[in-house]
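Each chain, letter by letter, is given below.
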Amino acid sequence: MLRVPPLEISDLITAADPATGRRLPVRRAEVVERLRAHGDSRAARIVAGLPADRDGVLDGVAVDRLLISVHTEMQRLSEELRIGERLVHLLRPLFTAIRASGVPGPYRLVDIGCGLGYLVRWLAATGALAPDVELLGVDLDAALVGEAARLARDEELNCRFVHGDAFALPEAATVYVSTGVLHHFPEPALTEFFAAQGASPALAFCHYDIAATGLAPVGAWMFHRARMRHPLGRHDGVVSARRAHSDETLLRTAAASGMRPLLYEPRRIANPFCTTLRPVLGLRPHLEAPLRQALGRSSRRLLGPEQLVQAAR
Amino acid sequence: MTPALPLAALGVIDAAFSGFRAYAGRDARIRKHRANTRAALRGLAVGTVLLLAPAVTAVLHLLTAADPQRAYAALTAGGSGYLLPLTLYATAVLLSLAAYLLLPFRASTLAMVVGLGPLTLLRPLAIAAACLGALLNGGGWASLLVGAVAGAAMLSVEPLVHHHWYRPAHTVTEH
Ligand SMILES: C[S@@+](CC[C@H](N)C(=O)[O-])C[C@H]1O[C@@H](n2cnc3c(N)ncnc32)[C@H](O)[C@@H]1O
């Protein structure tokens with residue numbers, strides 16, 4: 001039997017015209033019905049409690065406010081799990097490799113599905129990457145992008161945020177990154193997502209998502225229970241972990257980009273208690289050797305499909 | 001030695017952490033050291049006031065007891081029994097916190113995943129264990145009462161601070 005992946009409430013309660021970014025009305029009853037049909041009565045109850053107008057259309061302002069507050073709580077998890085440092089551990093050597101390969105700067109890092117832009121703003125605030133790396137965040141949700149930009153202005157951070165779709169990216173990048181986004185896309189969409197980046201002038205991508213281990217849903221439950229207040233955040237947090245793609249799926253779909261697919265800290269060689277999020281990378285082939293050199297000893301944690309098969313033996 | 005002082009110290013430190021947690025996840029800015037400190041101080045202030053409740057309960061019990069000396073001895077025994085599980089809990093928290101703050105990000109993630117995260121969820125259980133400790137150590141019902149009031153006070157700090165200062169309507173405008 002085919003296992004139907006569970007649904008995240010936050011994916012269902014907003015809709016935007018991908019071309020214009022304009023908000024489309026969402027009927028509460030339809031979302032509730034869809035969740036019920038999916039067998040998720042708890043999620044259906046959460047949505048049934050959201051405010052709607054007389055025609056049953058979800059109140060856009062209230063939904064925006066709710067998503068911003070849930071994403072603010074989510075940022076706390078990223079802060080506590082030191083996601084910024086985890087990315088820099090790989091991104092710094094990656095830019096070193098790019099510089100060594102002779103490509104002149106300035107470079108641009110684009111965070112796809114940036115939400116409130118924590119990663120980009122953290123990189124800007126800490127200066128963890130060199131000043132020749134421009135920092136940009138893109139998200140499909142206009143309210144989140146607007147709030148990310150406001151937060152960046154508030155702290156006078158040198159980064160930008162634009163509204164855009166992961167499948168029709170508005171800005172070119174040297175390196176595309178994301179955190180916690182891949183599980184939102186089913187396998188065919190994921191293939192398309194990587195392929196679009198492979199067809200772009202980008203030199204690499206490095207997308208972090210929840211490591212699909214047996215521990216992930218339990219850990220996600222515990223963390224969202226301990227750290228998040230709104231039931232929507234708690235619900236979606238656990239569902240994300242259950243939707244996480246396996247290492248094999250990530251490598252297979254990333255290969256469709258035509259770039260060299262690699263996984264950092266795949267399940268077989270990583271301790272699940274230490275690796276909550278791990279990335280799939282795509283590299284222009286000439287970058288692999290300089291990246292491995294820049295990584296030093298950590299390079300042994302970077303595995304391609306053939307090494308993953310070997311590690312399984 | 002009376003266990004009142006170490007208990008009060010633990011209570012006040014816990015209140016500061018509760019204040020921090022009440023604010024955490026409510027502000028998406030990157031630099032918030034000062035706001036974190038303010039939240040911890042708010043927790044500390046609220047906790048200090050709330051901790052008067054178990055203190056007053058204990059004093060009232062002593063003032064109304066037929067044999068104050070015996071009542072005092074029982075409360076002291078109960079306090080020591082109460083202190084033991086809390087000390088174990090606090091040690092686990094402090095060790096996890098030190099590992100989290102001092103070690104590199106992988107080990108720090110471990111400290112969060114197996115230490116600090118679950119330990120937050122276990123707070124009510126730690127207080128229940130402390131109440132049991134008070135009873136088992138011969139503290140009697142009076143110790144249990146004081147311990148339960150103290151536990152309720154400690155568990156109330158975070159929701160009170162959150163409600164008073166960090167509800168969404170507040171944080172949108174507070175900068
Ligand atoms: C789980 S959140 C992760 C947010 C952020 N990266 C973080 O780590 O906190 C997923 C984000 O992906 C965004 N998203 C989903 N589909 C998208 C698409 N097709 N294009 C751009 N962003 C998308 C959502 O709006 C949401 O902000």
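Overview of the structure. Worth saying up front: this structure is predicted, and the values here are computed from it rather than measured. Residue numbers here run from 1 along each chain, matching the order of that chain's written sequence. Chains carry letters from A onward and ligands carry numbers from 1 onward, assigned in written order. For this predicted model, a pLDDT threshold of at least 70 governs which residues receive local features, and a threshold of 80 or more governs which side-chain atom pairs are given and counted, while totals over whole chains, interfaces and linings are taken from all residues. Side-chain metrics in this entry use all non-hydrogen atoms of the structure; hydrogen atoms and water are not considered.

Some points on the site of the ligand
Residue and element names in this part refer to chain A. Selection rule: Any residue with a heavy atom lying within 4 Å of a molecule or strand is counted as near it. Any N or O atom pair separated by 3.5 Å or less is treated as a polar contact, with the protein-specific requirement of one donor-capable and one acceptor-capable atom, and with residues adjacent in sequence counted only for side-chain atom pairs. Using a 1.4 Å probe, accessible areas were evaluated by the Shrake-Rupley method; residue-level cover was limited to the displayed protein chains. Classification convention: Asp, Glu, Lys, Arg as charged; Ala, Val, Leu, Ile, Met, Phe, Trp, Tyr, Cys, Pro as nonpolar; all other residues, Gly among them, as polar.
The local shell around the ligand holds 18 residues, among which G113, D139, D165, A166 and T179 are the closest. At a separation of 2.6 Å, an oxygen atom of the ligand approaches a polar side-chain atom of T179. Protein contact buries 84% of the 590 Å² of open area that the ligand shows by itself. A per-class count over the shell around the ligand returns eight nonpolar, seven polar and three charged.

Thoughts on the interface of chain B and chain A
The condition is simple: Contact definition: two residues touch when any of their heavy atoms are within 4.5 Å. Buried area counts how much accessible surface, traced with a 1.4 Å probe, disappears from two parts once they are put together, with both parts' losses summed. Between Lys or Arg on one side and Asp or Glu on the other, a salt bridge is scored when a side-chain nitrogen of the former is within 4 Å of a carboxyl oxygen of the latter.
Every contact between the two is made by 31 residues of chain B and, on the other side, 35 residues of chain A. Between chain B and chain A the total buried area reaches about 2,900 Å² when both faces are included, carbon and sulfur atoms providing 58% of it. When residues of chain B are sorted by the area they lose upon contact with chain A, B:I30, B:F105 and B:R106 head the list and together hold 25% of the total. Counting across the interface, chain B meets chain A through three salt bridges. As a salt-bridge pair, A:E79 and B:K32 come within 2.6 Å of each other at their nearest N and O atoms.

Considering the sheet that holds strand β5 (residues 204–210) of chain A
Residues and elements named next belong to chain A. Stated formally: Being paired, for any two strands, means DSSP has found at least two bridges between them. A run of H or I in DSSP counts as a helix once it spans at least four residues, and a run of E counts as a strand once it spans at least two, with each numbered from the N terminus.
In spatial order, the strands read β3-β2-β1-β4-β5-β7-β6-β8; together these eight strands make up an open sheet with mixed pairing. Two strands bound the open sheet, and with one partner strand each, they are β3 (160–163) and β8 (302–303). Pairing geometry for strand β6 (residues 260–264) and β8, over two bridges, is antiparallel. Bridge pairing in β8 links L263 to L303.

Focus on the environment of A:G115
Residue and element names in this part refer to chain A. Keep this limit in mind: Throughout this description, buried means an accessible area under 20% of the type-specific maximum (1.4 Å probe, protein chains only), exposed means over 50%, and partly exposed covers the range between.
Topologically, G115 is positioned in the loop between β1 (107–112) and α6 (118–126). Exposure remark for G115: the relative accessible area of 5% places this residue in the buried category. Separated by 65 residues in sequence, G115 and G180 have C-alpha atoms that sit 9.8 Å apart. Contact partners of G115, with chain neighbours within four places excluded, come to H71, D139, L144, V145 and A148.

With respect to the packing of aromatic side chains
Worth spelling out the cut-off: Pairing of aromatic rings covers Phe, Tyr and Trp, the last counted by its six-membered ring, and requires centre-to-centre distances within 6.5 Å; plane angles under 30 degrees mean stacked, over 60 mean edge-to-face, and any other angle means tilted. Comment: the charge-over-ring label is applied if NZ (Lys) or CZ (Arg) is within 6 Å of the ring centre and within 35 degrees of the ring normal.
Per the counting criterion, the structure on display carries seven aromatic pairs over all chains. Consider the rings of A:F95 and A:Y107, whose centres lie 5.9 Å apart with planes at 45 degrees: the pair is tilted. Residue A:F95 is located in helix α5 (residues 83–100), and its partner A:Y107 is located in strand β1; the two are separated by 12 residues in the primary sequence. The burial state of A:F95 is the same as that of A:Y107; both residues are buried. Measuring from ring centre to ring centre gives 5.2 Å for A:F185 and A:F193, while their planes differ by 50 degrees; the resulting arrangement is tilted. Relative accessible area serves as the criterion here: at 13%, A:F185 is assigned to the buried category. Taken together, the ring pairs in this structure connect A:F167, A:F185, A:F193, A:F194 and A:F205 into an aromatic cluster. Sitting over the ring of B:Y100, A:R82 keeps its end group 5.9 Å from the ring centre.

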